[in-house]
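# Remarks on the overall topology
Each chain is listed here by its residues.
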Amino acid sequence: MTHTDAGAELDPVHPVSPPGAPSAGLTGAQVAERVARGQVNDVPVRSSRSLGEIVRANVFTRFNAIIGALWLIMLFVAPIQDSLFGFVILANTGIGIVQEWRAKQTLDSLAVIGEARPTVRRDGTAVEVATNEIVLDDLMEIGPGDKIVVDGVCAETDGLEIDESLLTGEADPVVKHPGDRVMSGSFVVAGGGAFTATKVGREAYAAQLAEEASRFTLVHSELRSGISTILKYVTWMMIPAAIGLVVTQLVVKNNDLKDAVARTVGGIVPMVPEGLVLLTSVAFAIGVIRLGRKQCLVQELPAIEGLARVDTVCLDKTGTLTEGGMDVTELRTLDGYDETYVRKVLGALGESDPRPNASLQAIIDACPDSEEWRCIESLPFSSARKYSGAAFSEGDGEASTWLLGAPDVLLAPGDPALVETERLNEQGLRILLLARATRDLDDPEPARGARPTALVVLEQRLRPDAADTLRYFAEQKVRAKVISGDNAVSVGAVAAKLGLSGSAVDARRMPADPQGMARALDEGTVFGRVTPQQKRDMVGALQSHGHTVAMTGDGVNDVLALKDADIGVSMGSGSEATRAVAQIVLLNNSFSTLPSVVAEGRRVIGNITRVATLFLVKTVYSVLLAVLVVCWQVEYPFLPRHLTLLSTLTIGIPAFFLALAPNKERARPHFVRMVMRYSIPGGVLAGAATFVTYLIARHYYTGPGALDAETSAATLTLFLISMWVLAIIARPYTWWRVALVASMGVAFVFVLAVPALQHFFALKLVGVAMPWTAVAVAVVAAAALELLWKWVDRRFPV
């Protein structure tokens, strides 16, 4: 779709003021009248799910339905201790709802802080309003970096260029004139102006963009899709195993009905990895809360996970490595120009731009406007051109045209001034060239033939935390690439001051094809004179080589690259457009927050991978035990209370602590494969060893209490093997991990030692020979598990 096609979908043009006649905008009475008629931009912007949605998502799950039905059955046919698993599910679901509700409140409060406030002109005064306070026919003032939030028609323009690529796919900015249409979702790349709102609320062309950009979402996550895949496999395994178990316990074995039902339920319940989904939600929610405390707004939850997988981070220099402000340290006149005259030119140029960037603001501070010069025409700065310009009527009536921008763009190759520029760039200084143009500003090439007049030397303020942050990325084996529109040598010098080594490359000499560009990006570290489109191409080239790319930025020239990167990170003070497309917004503008986000993502993914193995080992051994019981036509060895105890001590409590523990390992792909390669052998060994103990005990014990004794021996074996799985998963050991594993073992011994607990859980070891046999079987299985997992690591590397 071209911009003309897209614009054709708008309403007929509303009357606008004639060019050159600025409008005062709506009056207070007109605004009130439109509000009363409902002509307000009332698109609901949600930063999170509602409380009702949170409750439904945590309560109404497939596995909660299965567990709930089994729990109701157990409440009628068995003692309360066989129904404990149901109370555990209630507690887990409650925890999930509370944590996600806390995360919602955190997101909502941060979204309000980071919310854009467009400028409207009312009663002749420019005021900032909330997006949902805009009314039909409001006059909206716009400048570089502003996102168009409602559809409209240009009323005033001053070199206004709008990028509509996010809507139409057109890469080139579109120059707008009074009467031209503008679309919500596009953004200003150069110049300024005002437009009249013609469509607001849900009628606007891209009304859902703001809502979608800041919605609390749990989709497009490898972790979540992997868990869904695992749960699908589990369901397939559960159904035939559960049917076989029901038939065996109710038909083949002519037992007491209630005991048969209890043992059937005892076989089905542990097949369900019910806590896995819950722990994933809790881990993500706590991640949002932790980052929220550091003024980091996570607009999409999977961004936490995505940043943990990042192996390359592309940094924009300005606003990321350097602070926004600059200082003019020197003014070097060229070609015999008088410094006083040059300062007048610079002051007039500063006055000609209503929204100066950081460089021009530094010039305004150093060279105040003399008020004698009048601006006739202006050419706003754009990242694609790398310069701005203005035509003036000087105090004595003479007319002149001036350009201010990058020396290596404005000057011809070999110009003597470039030598001096290069020398200053090597010191990390930023250099702008003031040149007198010989052509009009509306000429296709206004810089051709321009005469150099002066070099403006600017010093950039380095962020005090940038060096530490770059060091962190180096330690974590995340490659940093500095991509900037500034001179490559200057950017390289700034990077070197921050301890980032590597060659500096001029992007104008980089290969245009993706493969050649990717090779150049692999070899270089610092890239200068990069156009906005090149930034986007660089991100794509890195992704084509299998890299997971994060892009940071705050300027309008970063928007396209931020949108295409795997993870876009915007500064809170950045342009409205960058904040809208980024998944993560650093509201405190601190680059040093990024390591916290990376660490949080790694903690979530690494720990969920650990605990998923714990949960699925239980699922595998439960299914295997059910199959073996069906094949041997024997009573199921466990009651629900036994497996509730085992699950709580070897999975439930440890998993909660392990899921929230620090973890600095970079997340690896193929979540399902990683988890299953450990879960299947671990579960098979645990199930087989437990059943072997059970069969030995059936031959050893006779008499009325034989089944209870057999169950106790089998429970001991299963507990010891499960503890060994936990001990392996908890590595590498720290004092608290050792204490965690040891305390679970002590708790089980306590249950076996206290008569009341023995009776409650129906666990009593009878004799000496069989309990020690159970221990011996567990020891052999544990040793086999160590060898098997090491073999799996070698045979099936991730």
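Residues numbered from 1 in each chain as written. Predicted model: local features only at pLDDT ≥ 70, side-chain atom pairs only at ≥ 80, totals over all residues. Heavy atoms only, no water.

The subject of this paragraph is the overall build of the protein chain. Counting its secondary structure elements, the protein chain contains 28 helices and 21 strands. If you line up the protein chain on its principal axes, its C-alpha atoms span 120 × 60 × 40 Å. Considering the protein chain as a whole, with its 798 residues, one finds that 58% of them fall into the buried category. If you take every contact in the protein chain between residues at least 6 apart in sequence, the share linking residues at least 24 apart comes to 73%. Looking at the protein chain as shown, the accessible area adds up to about 31,900 Å², and 59% of this sits on carbon and sulfur atoms. Of note, the protein chain has its 72 positive side-chain charges centred 12 Å away from the centre of its 84 negative side-chain charges. (Helix = DSSP H or I, 4+ residues; strand = E, 2+ residues; numbered from the N terminus. Buried < 20%, exposed > 50% of the residue type's maximum accessible area, 1.4 Å probe, protein only. Contact = heavy atoms within 4.5 Å. Areas by Shrake-Rupley, 256 points an atom, 1.4 Å probe, with all protein chains shown as cover. Lys, Arg positive; Asp, Glu negative; His and termini not counted. Charge placed at Lys NZ, Arg CZ, Asp CG, Glu CD.)

Within this structure, the stated rule accounts for 30 salt bridges. For Asp468, the salt bridge goes to Arg471, with nearest N and O atoms at 2.6 Å. Of the two residues, Asp468 and Arg471 are both situated in helix α16 (residues 466-475); the distance of three residues between them amounts to about one turn of the helix. When its relative accessible area of 44% is taken as the criterion, Arg471 is described as partly exposed. Here Arg698 and Glu710 are joined by a salt bridge, their closest N and O atoms 3.9 Å apart. Here Arg698 is found in helix α24 (residues 671-700), whereas its partner Glu710 is found in helix α25 (residues 706-729), with twelve residues between them in sequence. Since its relative accessible area comes to 28%, Arg698 is described here as partly exposed. Judged by its relative accessible area of 5%, Glu710 is buried. Connected through salt bridges with shared partners, the residues Asp408, Asp506, Arg508, Arg509 and Arg529 form a single ionic network. (Salt bridge = Lys/Arg side-chain N within 4 Å of Asp/Glu carboxyl O.)

This brings us to the packing of helix α11 (residues 302-309) against helix α22 (residues 594-632). Contact pair α11 / α22: the axes reach a minimum separation of 7 Å and the direction vectors enclose 95 degrees. By the angle between their axes, α11 is roughly perpendicular relative to α22. Where α11 approaches α22, its residues Ile304, Glu305, Leu307, Ala308 and Arg309 are matched on the opposing element by Leu594, Val597, Val598, Glu600, Gly601, Arg602, Val604 and Ile605. Class assignment of the residues belonging to the contact of α11 with α22 gives a composition of eight nonpolar, one polar and four charged. (Axes fitted to C-alpha atoms, helices over the stretch in contact; angles between N-to-C directions. Parallel < 35°, antiparallel > 145°, perpendicular 65-115°, else oblique. Nonpolar A, V, L, I, M, F, W, Y, C, P; charged D, E, K, R; others polar.)

What follows deals with the packing of α25 against helix α28 (residues 769-795). Between α25 and α28, whose axes approach to 8 Å, the crossing angle comes to 30 degrees. Accordingly, the angle class assigned to the pair α25 and α28 is roughly parallel. Our pair here, α25 against α28, has a crossing hand that is right-handed. Facing Ala713, Leu716, Thr717, Leu720, Ile721, Trp724, Val725, Ile728 and Ile729 of α25, the residues of α28 in contact are Met770, Pro771, Ala774, Val775, Val777, Ala778, Ala781, Ala782, Leu785, Glu786 and Trp789. A breakdown of the residues in the contact of α25 with α28 according to their chemical character gives 18 nonpolar, one polar and one charged. (Left-handed = near helix turned anticlockwise from the far one by under 90°.)

Applying the stated criterion to the full structure yields 16 aromatic pairs. Centroid distance Tyr337 to Tyr341: 6.4 Å. Interplanar angle 15 degrees. Geometry classified as stacked. Judged by centre distance (6.4 Å) and plane angle (75 degrees), the rings of Tyr337 and Trp402 are edge-to-face. Taken together, the residues Tyr337 in the loop between β10 (322-333) and α12 (339-352) and Trp402 in strand β13 (residues 399-405) connect sequence positions 65 residues apart. On the accessibility criterion, Tyr337 (17% relative accessible area) is buried. (Phe/Tyr/Trp six-rings, centres within 6.5 Å; stacked < 30°, edge-to-face > 60°.)

Take Lys386: it is sitting in the loop between β11 (374-379) and β12 (387-393). Within the structure, Lys386 has its side chain in polar contact with the backbone oxygen of Val530 (distance 3.4 Å). Excluding residues within four positions of it along the chain, Lys386 makes contact with Phe381, Gly405, Ala406, Val409, Gly485, Arg529, Val530 and Thr531. (Polar contact = N/O pair within 3.5 Å; in protein donor to acceptor, adjacent residues only side chain to side chain.)

Turning to the nonpolar core, a few remarks are in order. Burial of nonpolar side chains together is a common tendency in soluble globular proteins. Counting residues in hydrophobic clusters, the biggest one holds 126 residues, and the most contacted among them are Leu307 and Ile584. Element by element, the count of residues in this core is highest for α22, at 17 residues. In this structure, Phe187, Val549, Met551 and Ala565 belong to the second largest nonpolar core, which totals 25 residues. (Core = buried A, V, L, I, M, F, W, Y, C linked by side-chain atoms within 4.5 Å.)

Taken together, the eight strands give an open sheet; going across it, the order is β8-β21-β20-β19-β9-β16-β18-β17, and neighbouring strands pair in mixed fashion. Here the strands that pair on one side only, and so sit at the sheet edges, are β8 (296-298) and β17 (504-506). Strand-to-strand twist in this sheet, taken as the mean axis angle between neighbours without regard to direction, amounts to 20 degrees. Direction of pairing for β8 relative to strand β21 (residues 584-586): antiparallel, over a ladder of three bridges. Looking across to β21, one finds that Val298 is bridged to Ile584. (Pairing = 2+ DSSP bridges.)

Now for α11. The element α11 is largely enclosed, with a buried count of eight among its eight residues. Every buried residue of α11 is accounted for by Pro302, Ala303, Ile304, Glu305, Gly306, Leu307, Ala308 and Arg309.

Regions with low pLDDT should not have their predicted coordinates read in detail. Here the protein chain averages 82 in pLDDT, while 91% of its residues score no lower than 70. Across the protein chain, helix α26 (residues 735-753) holds the top mean pLDDT of 95, while helix α1 (residues 3-7) sits lowest at 38. Here residues 1-21 scores under 50 on pLDDT; set against residues more than four positions off or in separate chains, the count is 38 contacts. Within the model, pLDDT remains below 50 along residues 208-219, and this stretch shows 33 contacts once partners closer than five positions in the same chain are excluded. (pLDDT = per-residue confidence, 0-100.)

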